[in-house]
Amino acid sequence: TLMIRNSDALSNNDLKIYNSIVQSANPSLTMLSKTNIEAALQIVDMSGRLVYANKTRLNAGTNIVNLSNFTTGKGSFIAVIKTAEKIISQKIIVQ
């Protein structure tokens with residue numbers, strides 16, 4: 001299961017990641033964007049090693065980003081979302 005924990009850094013007007021718990025067989029992140037934007041999603045482990053990377057287009061509204069190739073085991077990770085205007089990050093826990 002992939003659980004997203006909220007952080008104040010994500011509480012902005014343009015892009016938010018919602019708390020979500022998903023099955024580890026089909027992990028995904030749910031994001032809310034106020035505009036259509038291109039984004040790069042990276043997941044790094046706590047030592048800073050990149051374990052997942054994908055580019056995606058976020059449409060205005062709610063977006064579910066499938067992490068189909070995320071096969072790293074249980075533990076704590078950081079999800080990093082980069083757009084042309086900002087970089088936001090949030091701790092995630094895979095259970």
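Quick caveat: nothing in here was measured; it's all calculated off a predicted structure.

Some details on the sheet that holds strand 7 (residues 61-66)
- In space, the 3 strands of this open sheet follow the order 2-4-7, with antiparallel pairing throughout. Each edge of the open sheet carries a strand with a single partner, namely strand 2 (15-17) and strand 7. Across the sheet, the axes of successive neighbouring strands diverge by a mean angle of 25°, strand direction being ignored.
- Relative to strand 4 (residues 28-33), strand 2 is paired through 3 bridges, and the arrangement is antiparallel. Within strand 4, the residue paired with I17 across the bridge is M31.

Some points on the pairing of strand 8 (residues 75-82)
- Both strand 5 (residues 37-45) and strand 8 contribute to a ladder of 6 bridges, which runs antiparallel. Its bridge partner lying in strand 8, V44 is registered against I78.
- Where strand 8 and strand 9 (residues 87-94) come together, 8 bridges link them in antiparallel fashion. What sits directly across from S76, in strand 9, is I93.
- Connecting the antiparallel pair strand 8 and strand 9 is a turn made up of 4 residues.

What counts and how
- Residues numbered from 1 in each chain as written.
- Predicted model: local features only at pLDDT ≥ 70, side-chain atom pairs only at ≥ 80, totals over all residues.
- Heavy atoms only, no water.
- Pairing = 2+ DSSP bridges.
- Helix = DSSP H or I, 4+ residues; strand = E, 2+ residues; numbered from the N terminus.
- Axes fitted to C-alpha atoms, helices over the stretch in contact; angles between N-to-C directions.

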